2 protein chains.
Amino acid sequence: MSIAPILDVEDETGPRGPYRKTAETQQRILDAAVRVFAEAGFEKGSLRAVAREAGLSQAGLLHHYPTKVALLSAVVQRRDDAALVQIETTQPGVHRLQALLDFARLSADSLDEVSLFAVLSAEASRESHPAHEYIKRRYEWTIDVAATTFQEVADQGQLEPDVSPRKASSMFMALWDGLQLQWLIDPSTVDVAGDLEIFLDHTLVAPLRDLLAATVSQ
Amino acid sequence: MSIAPILDVEDETGPRGPYRKTAETQQRILDAAVRVFAEAGFEKGSLRAVAREAGLSQAGLLHHYPTKVALLSAVVQRRDDAALVQIETTQPGVHRLQALLDFARLSADSLDEVSLFAVLSAEASRESHPAHEYIKRRYEWTIDVAATTFQEVADQGQLEPDVSPRKASSMFMALWDGLQLQWLIDPSTVDVAGDLEIFLDHTLVAPLRDLLAATVSQ
């Protein structure tokens, strides 16, 4: 999985001319898709509506994303890429756990994207759903990524010994999904990042803040 | 919320004649609804298809459940009632946490129901969804019920002091939702009840098994 497309757009020294234009068009399509599918749902939202919202012909949209699954996968992947950038640009170990909490905190600003992702994951859990294989691989991948971070933490002797890095990762990601669902249902009831931190405080050998402070002062 | 309809059906000494027949018909409709909506989804599944699956006319179905939301709410409520019976027939405190784990373990036998519930919760998280108010109240209610159990545990000095009973409850329910989603996506990857027990072991002052054993030997 490449993180290049995101960096291309953000980076002023990135590609110029037609390549830059393609990247910009794709970002505009993905933004439009988030709005359309968050409002209408996966079943009812149409590629036609996304094209209209993005100011493109349907043929123009299909050139970039030939199917609904391809389009939704790209939306989810853009979000995952943003999280991955945040992890990879942070030093290994507990600091990367803090980066995940920061990402969860920022997600409060993208309700439509979180909503789209929650509905797609639930609907695509059915084997007959066209995005099922994609969502299955996507869960494997995100749990792998977070497990690598928990492994770094375990290598420092900072993970409770009764939990494997992989188990800590899958539980962390599950809690994140469940808290986001409660937050979508009633934003006033839950602090997603705060509750994820409580989970980490109970899964690490000491509260996350203490471990972060100890690393800084080394 | 009454748990009577469930007990009526299970209990051989329950109501006779027309009342019993009504309860049986309603159970048959709910079973049919689980199959239809798990297969087709909330948007595409129709009351007509549920009526056909239950061997009733559409008018016969509408007599019991006048709208799709009423029908789906009844499916969710039947499931919640079953969990509530399991809690209420168990002695207070840690034994009720074990009852919740037992219920989670049993859910592995009702994939269609778990799937229906996951999709409905995600779709109904949108404010514009007809079941939104129902799902919102339902989350408040289940978190209240579990918080009462965590309060009993806290009253025994068995809950870690940095977590309130309500916080423990909302995190437990969120983790449950998220683990069930991972399980629906790929049943081979997750042990829902086992992982919930790990969460409890880290949230209680001692592993759940030890606290249960200590209560028995008192």
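Structure: above.
Summary of the structure given here. Please read all numbers here as calculations on a predicted model, not as lab measurements.

### Thoughts on the overall build of chain A
Move 1: Along its length, chain A carries eleven helices and zero strands.
Move 2: Listed by position from the N terminus, the elements making up chain A come as α-α-α-α-α-α-α-α-α-α-α.
Move 3: A compact globule built from 218 residues would reach a C-alpha radius of gyration of about 17 Å, and chain A, at 19 Å, matches this within 12%.
Move 4: The principal-axis extent of the C-alpha atoms belonging to chain A is close to 55 × 40 × 30 Å.

### Details of the nonpolar core
Move 1: Counting 77 residues, the largest nonpolar core has A:F172 and B:F172 as its most contacted members.
Move 2: Those residues in contact with B:F172, other than ones at most four positions away along the chain, are B:L100, B:L101, B:F150, B:L196, B:F199 and B:L200.
Move 3: By size, the runner-up hydrophobic cluster in this structure holds 65 residues, among which are A:L30, B:V34, B:V75 and B:L116.

### Re the pattern of salt bridges
All names here are of chain A.
Move 1: Considering all chains together, one arrives at 20 salt bridges over all chains under this definition.
Move 2: D80 is the partner of R138 in a salt bridge, and the nearest nitrogen-oxygen pair spans 2.7 Å. On the criterion of sequence distance, the pair formed by R138 in helix α8 (residues 132-155) and D80 in helix α5 (residues 68-88) is long-range, its members being 58 residues apart.
Move 3: Overlapping salt bridges, with partners in common, bring together D31, R78, R79 and E113 in one network.

### Some thoughts on the packing of aromatic side chains
Residue and element names in this part refer to chain A.
Move 1: Scanning the entire structure with this criterion turns up eight aromatic pairs over all chains.
Move 2: Ring centres of F150 and F172 lie 5.9 Å apart, and the angle between their planes is 70 degrees; this geometry places the pair in the edge-to-face category. Taken as a pair, F150 in helix α8 and F172 in helix α9 (residues 165-185) lie far apart in primary sequence, 22 residues in all. Side by side, F150 and F172 carry an identical accessibility label, which is buried.
Move 3: Taking 6.3 Å as the distance between ring centres and 45 degrees as the angle between the ring planes, the aromatic pair formed by F172 and F199 counts as tilted. Placement of the pair is F172 in helix α9 and F199 in helix α10 (residues 192-203), with a sequence separation of 27 residues.
Move 4: For F172, a relative accessible area of 0% gives the class buried.
Move 5: Residue class for F199 comes out buried when judged on its relative accessible area of 5%.

### Quick notes on the relation of the copies chain B and chain A
Move 1: Turning chain B through 180 degrees and shifting it by 0.0 Å along the axis lays it on chain A, with an RMSD of 0.0 Å. Given the turn and translation reported, the copies of this chain are related as if by a two-fold rotation axis.
Move 2: Taken as a fraction of all interface residues of chain B, those also at the interface in chain A reach 100%, which identifies the copy contact as same-surface.

### Describing the interface of chain B and chain A
Move 1: The interface is formed by 43 residues belonging to chain B together with 43 residues belonging to chain A.
Move 2: For the pair chain B and chain A, the summed buried area comes to about 3500 Å², and 62% of that belongs to carbon and sulfur atoms.
Move 3: Broken down residue by residue, the surface that chain B buries against chain A is led by B:R126, B:I185 and B:H202, which jointly contribute 19%.
Move 4: The interface formed by chain B and chain A includes two salt bridges.
Move 5: Where B:K167 meets A:D195, a salt bridge forms, and the shortest distance between an N and an O atom there is 2.7 Å.
Move 6: Taken together, the links from chain B to chain A amount to nine residue pairs in polar contact (both at pLDDT 80 or more).
Move 7: At the level of secondary structure, the elements contributing two or more residues to the side of chain B that touches chain A comprise α2 (17-44), α7 (111-123), α8 (132-155), α9 (165-185) and α10 (192-203) of chain B.
Move 8: Here the element with the most residues in the side of chain B that touches chain A is α9(B); it accounts for 13 residues.
Move 9: Its residues assigned to classes, the side of chain B that touches chain A comprises 20 nonpolar, ten polar and 13 charged.

### Focus: the packing of α9(B) against α10(B)
Residue and element names in this part refer to chain B.
Move 1: Between α9 and α10, the shortest axis-to-axis distance is 9 Å and the interhelical angle comes to 155 degrees. The angle between the axes of α9 and α10 places the two elements in the roughly antiparallel class. Seen along the crossing, α9 lies across α10 with a hand that is right-handed. Of α10, the residues touching α9 (which contributes A168, M171, F172, L175, W176, L179, Q180 and W183) are V192, D195, L196, F199, L200 and T203.
Move 2: A per-class count over the contact of α9 with α10 returns eleven nonpolar, two polar and one charged.

### Here we look at the side chain of B:Q180
Move 1: Tracing the backbone shows B:Q180 in helix α9.
Move 2: With residues up to four places along the chain from it excluded, the contact list for B:Q180 reads B:R79, B:S107, B:V114 and B:V192.

About the criteria used
Residues numbered from 1 in each chain as written. Chains lettered and ligands numbered in written order. Predicted model: local features only at pLDDT ≥ 70, side-chain atom pairs only at ≥ 80, totals over all residues. Heavy atoms only, no water. Helix = DSSP H or I, 4+ residues; strand = E, 2+ residues; numbered from the N terminus. Rg over C-alpha atoms; globule rule 2.2 N^0.38 Å. Core = buried A, V, L, I, M, F, W, Y, C linked by side-chain atoms within 4.5 Å. Buried < 20%, exposed > 50% of the residue type's maximum accessible area, 1.4 Å probe, protein only. Contact = heavy atoms within 4.5 Å. Salt bridge = Lys/Arg side-chain N within 4 Å of Asp/Glu carboxyl O. Phe/Tyr/Trp six-rings, centres within 6.5 Å; stacked < 30°, edge-to-face > 60°. Least-squares fit on C-alpha atoms with pLDDT ≥ 70 in both. Buried area = accessible area lost by both parts, 1.4 Å probe. Polar contact = N/O pair within 3.5 Å; in protein donor to acceptor, adjacent residues only side chain to side chain. Nonpolar A, V, L, I, M, F, W, Y, C, P; charged D, E, K, R; others polar. Axes fitted to C-alpha atoms, helices over the stretch in contact; angles between N-to-C directions. Parallel < 35°, antiparallel > 145°, perpendicular 65-115°, else oblique. Left-handed = near helix turned anticlockwise from the far one by under 90°.

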